[in-house]
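# Summary of the model geometry
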Amino acid sequence: MICVEDIMTRHPHTLEMSASLADARRLMAEFDVRHIPVVDEGGDLVGLVTHRDVLEASSSVLDDDEQERARHDSHIVLEEVMTTELDLVEPAASLREAALLMRNHRHGCLPVLSGDELVGIITDTDFVEVSIHLLEQIESSEPEEEEGLPDEDDYLDEDDDLGDLPVGDFDTDDDW
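Residues numbered from 1 in each chain as written. Predicted model: local features only at pLDDT ≥ 70, side-chain atom pairs only at ≥ 80, totals over all residues. Heavy atoms only, no water.

### Some points on the pairing of strand E3 (residues 35-39)
Buried residues dominate E3, accounting for 5 of its 5 residues. Burial of E3 is two-sided: the residues His-35, Pro-37 and Val-39 facing one way and the residues Ile-36 and Val-38 facing the other way are all buried. Bridging between strand E2 (residues 15-16) and E3 involves 2 bridges; their strand directions are parallel. Looking at the pairing, Leu-15 lines up with Val-38 of E3. (Buried < 20%, exposed > 50% of the residue type's maximum accessible area, 1.4 Å probe, protein only. Helix = DSSP H or I, 4+ residues; strand = E, 2+ residues; numbered from the N terminus. Pairing = 2+ DSSP bridges.)

So, in structure tokens, the structure goes:
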């Protein structure tokens, strides 16, 4: 059985709940992530901030210039915008269990805890990677082309001479 720990991102980037929205935006851009676990001073998981949270809490790009948005975002702490009620999985959980939990609750990720310690995060992107790998395996095990099927060159073109084809009455009462 493939487990969550087999595909999760280990030691995910985290921010403390006192960090700002601007800090989350920078971390997401720098490491190309959309989910950041939020921890307290002791390193315990207390929440999660997503790219959607950042966008919803930020001032509109249409209303303000870049400096104004950065100033606005630097005054908002993650504690104000993070999600605190989280579904969690253990490293030994099955991928199916994690996938169903994510699908049924419409989550883009699940923090992975071993006891009380954050050890990883599993995201929808991790599942896409697994799907791609499985599809590649399936495709590589399929036969290239079945014999007996016509090639593209076997079809008639509009320039082909049909004068040699037999013409006559065809018995349409035959059982095929």
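### What about the packing of helix H2 (residues 21-31) against helix H4 (residues 66-74)?
The axes of two packed helices give the description: the angle between them and the distance between them. One way to put it is that H2 packs onto H4 with a least axis distance of 6 Å and a crossing angle of 115°. As judged from the angle between their axes, H2 and H4 are roughly perpendicular. Contacts between H2 and H4 involve Leu-21, Ala-22 and Arg-25 from the first element and Arg-69, Ala-70, Asp-73 and Ser-74 from the second. Across the contact of H2 with H4, the residue classes tally to 3 nonpolar, 1 polar and 3 charged. (Axes fitted to C-alpha atoms, helices over the stretch in contact; angles between N-to-C directions. Parallel < 35°, antiparallel > 145°, perpendicular 65-115°, else oblique. Contact = heavy atoms within 4.5 Å. Nonpolar A, V, L, I, M, F, W, Y, C, P; charged D, E, K, R; others polar.)

### Observations concerning the nonpolar core
In terms of nonpolar packing, the biggest core is built from 15 residues, with Leu-15, Leu-21, Ala-24, Ile-36, Val-49, Leu-78 and Val-81 touching the most fellow members. Going through the elements one at a time, H2, E3, helix H3 (51-57) and helix H5 (78-81) are the ones with two or more residues in this core. Element by element, the count of residues in this core is highest for H2, at 4 residues. Each residue touching Ala-24, except ones within four places of it in the same chain, is listed here: Leu-15, Ile-36, Val-49, Val-54 and Leu-78. Grouped together as the second largest cluster of nonpolar side chains are 13 residues, Val-4, Val-112, Val-119 and Phe-127 included. (Core = buried A, V, L, I, M, F, W, Y, C linked by side-chain atoms within 4.5 Å.)

### A few points about the sheet that holds strand E5 (residues 109-114)
One open sheet accounts for 3 strands, arranged E1-E6-E5; its pairing is antiparallel. Both outer strands of the open sheet, strand E1 (9-10) and E5, are each paired with one neighbouring strand and no more. Bridge count for E5 against strand E6 (residues 117-123) is 6 bridges, and the pairing is antiparallel. Looking across to E6, one finds that Ser-114 is bridged to Glu-117. Sheet strands touched by helix H6 (residues 95-105): E5 and E6. Its angle to E5, the strand with the most contacts, is close to 135°.

### A short note on the sheet that holds E2
Pairing is mixed in the open sheet, where 3 strands are placed in the order E2-E3-E4. Two strands bound the open sheet, and with one partner strand each, they are E2 and strand E4 (45-50).

### Details of the pattern of salt bridges
With the rule as written, the count across this model stands at 3 salt bridges. Arg-26 is the salt-bridge partner of Asp-23, the closest N and O atoms lying 2.5 Å from each other. Of this pair, Asp-23 and Arg-26 are both found in helix H2, 3 residues apart, which corresponds to roughly one turn of the helix. With a closest N to O distance of 2.7 Å, Asp-124 and Arg-34 form a salt bridge. Placement of Asp-124 in helix H7 (residues 124-141) and of Arg-34 in the loop between H2 and E3 is noted, with a sequence separation of 90 residues between them. Residue classification places Arg-34 among the partly exposed residues on the basis of a relative accessible area of 41%. (Salt bridge = Lys/Arg side-chain N within 4 Å of Asp/Glu carboxyl O.)

### Points about the pairing of E5
Along any regular strand, the residues point their side chains to alternate faces of the sheet. Of all 6 residues making up E5, 5 are buried, and the element is well covered by its neighbours. In textbook terms, the turn of a hairpin is the stretch between consecutive antiparallel strands, and for E5 and E6 this stretch comprises 2 residues, one of which, Gly-115, has a positive phi near 70°.

### Digging into H6
Of the positions making up H6, those classed as buried are Leu-95, Ala-98 and Met-102. Along the axis of H6, the buried residues cluster in a sector spanning 70°; they form a single face. Structural note: H6 exposes Arg-96, Arg-103 and Asn-104 on the side pointing more than 90 degrees away from its buried face. Of the surrounding elements, those touching the buried residues of H6 are helix H1 (4-7), E5, E6 and H7. Once H6 finishes, Arg-106 follows within two positions and takes phi at roughly 55°, a positive value. (Arc of directions from axis to C-beta.)

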